[in-house]
Amino acid sequence: MVEAIGWPGAFLLPVVLGVLALAAAAFDAHLAARAAGTSDTTGFSTAVTSPLRETAGLLVQQRRRTLAADTLLWRGAGVTLVAAALLASLVTPLGNWAVGDSAVGIVWFNAMEVVAWAAVWLAGWGGNSAYGLIGGYRFLAQGLAYELPHMFVLTTAAIGAGSLRVSDIVTAQQNLWFAVWMPVAFVVFLISVLMMAFFPPFDAPLGRDIAGGAAVEMSGADRLVFGAGRWLLLVSGAAMSVPLFLGGGLGPVLPGWLWSLVKTVAVLAVLVWVSRRLPTIRMERFEELSWIVLIPLTLLQALVVAVVVLARTS
C-alpha cells in the first residue's frame, strides 16, 4: 500500500531527482571518456566530476543575446522543462511513499510530460533563431509521433491492473511483474522515455546539422537549466517505469524504498548506455519507426493484455 506523504515529500522530491540526475550525468561522462579513449588518462574521478565542472562553467558564462528575442519565453523554457519533470514525478512512488497517490495518477503523469512539448517549443521560438525554430518544430513532430505509443503502453499497464492509480498497478504485480507478460509495452515505454527527454538516438531537435537546434542560442544559466530539465525528464521516466512494469518497491529482504531506488538506477544506467551506443535517428526514419512499427505493436500488446484480463475475470 502506497502512503501519500504530501508537502514534506514535495520538498524531498527535487533532491532525490537531482541526485539521480547527477549520477546519470556522471555515468554518461564516464562512458563518453571511454568512447574517446581518454578514461585511462583522465581517471574515473575526473569523469564523474565532469557534470559539476560543466555546471560551474555555465554558471559563470556570460549570457548571449539575439536580436529581437522574446526573453520571457526563452528563459521560461528551461524552468518549464524542470517543472514538467518534477510535477510528473509527484505520483511516482518510492517504495511505500509518494507525494500524491492520485486516483488518476497515470493521466497526471502523461499530462505533465506533454508540458515538455511547450517548453522545447518556447526554447526554439523565443530565441528568434532559424535553427532554434527548426529544432522546436522537430520536437513537436517527434512528440506527436511518440505520444501515441507512449499513451498506449500507459493504458496497457492500467488495463492490466484495472486502475489508473499507480499504487494499484504496483499491487497488481505481487505475483508477476508486468515487464514479464507485457514485454513490448515495457520496451516501448523505455524508448519513449528517451524520446520525451530527446536523448540519443532521438536527439534530432538538438542535432548538429542545425547547429544545436532548440538550444542553439542558449548560454550560461539558461543552458544549464534547460539541460537539467532534460536529465530530470529522463530520471522521471526511468523512475515511473519501476512501478509500472518492475513491481515498484516489491522485493525480498530490502525495504521498499531501497528496491525502488535500485531498480530506478538500473533502468537509468541502461538508458544512458543505450544513448551512448546508438547514432541519432533522422527525423523521417523516426516517424516511420513510430507510426509504422511502434503504434501497431503497442496496440497489439494492449489487445493481448485486455484478452488476458477478460479471461481471468470471466
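No experiment lies behind these values; they were computed from the predicted model shown. (Residues numbered from 1 in each chain as written. Predicted model: local features only at pLDDT ≥ 70, side-chain atom pairs only at ≥ 80, totals over all residues. Heavy atoms only, no water.)

Please explain the packing of helix α7 (residues 130-161) against helix α10 (residues 183-196) as it appears in this structure.
The description of two packed helices rests on the angle between their axes and on the distance between the axes. Relative to each other, α7 and α10 sit at 150 degrees, their axes nearing to 9 Å. With respect to α10, the axis of α7 lies roughly antiparallel. In this structure, the crossing between α7 and α10 has a hand that is left-handed. Of the residues in α10, those touching α7 at F139, Q142, Y146, P149, H150, V153, L154 and T156 are A185, V188, F189, S192, M195 and M196. (Axes fitted to C-alpha atoms, helices over the stretch in contact; angles between N-to-C directions. Helix = DSSP H or I, 4+ residues; strand = E, 2+ residues; numbered from the N terminus. Parallel < 35°, antiparallel > 145°, perpendicular 65-115°, else oblique. Left-handed = near helix turned anticlockwise from the far one by under 90°. Contact = heavy atoms within 4.5 Å.)

Any chance you could explain the UniProt feature "transmembrane region" (unreviewed entry) in the protein here in plain terms?
Taking the UniProt record as the reference, the feature "transmembrane region" (unreviewed entry) is found at residues 6-27, 72-91, 176-199, 231-251, 257-276 and 288-311. From the first C-alpha to the last, residues 176-199 spans 30 Å; its make-up is 75% helix and 0% strand. Spanning residues 231-251, this segment combines 71% helix with 0% strand, and its end C-alpha atoms are found 27 Å apart. (UniProt positions renumbered as here; feature names shortened; annotations may be inferred.)

Explain the packing of aromatic side chains here, please?
The geometry of an aromatic ring pair comes down to the distance between the two centres and the angle between the two planes. This model, assessed by the stated rule, comprises nine aromatic pairs. For the pair F178 and W181, a centre-to-centre distance of 5.8 Å together with 85 degrees between the ring planes defines the contact as edge-to-face. Here F178 and its partner W181 are both found in helix α9 (residues 178-181), three residues apart, which amounts to about one turn of the helix. The exposure class assigned to F178 is buried, which follows from its relative accessible area of 1%. In textbook terms, an aromatic cluster arises when at least three aromatic residues are bridged by ring pairs, as seen for W121, W125 and Y137. A cation over an aromatic ring shows up here: R230 above the ring of F199, its NZ or CZ 4.5 Å from the ring centre. (Phe/Tyr/Trp six-rings, centres within 6.5 Å; stacked < 30°, edge-to-face > 60°. Buried < 20%, exposed > 50% of the residue type's maximum accessible area, 1.4 Å probe, protein only. Lys NZ or Arg CZ within 6 Å of the ring centre and 35° of its normal.)

Even after reading the chapter, I still don't get the pattern of salt bridges, so can you show me in this structure?
It is possible for side chains of opposite charge to pair when their charged atoms get near one another. Scanning the model with the defined rule gives seven salt bridges in all. The partner of D28 in a salt bridge is R276, with the nearest N and O atoms 2.8 Å apart. Separated by 248 residues along the polypeptide, D28 in helix α1 (residues 7-36) and R276 in helix α12 (residues 256-277) bring together distant segments of the chain. Each member of the salt-bridge network shares a partner with another, and the members are D101, R165 and D168. (Salt bridge = Lys/Arg side-chain N within 4 Å of Asp/Glu carboxyl O.)

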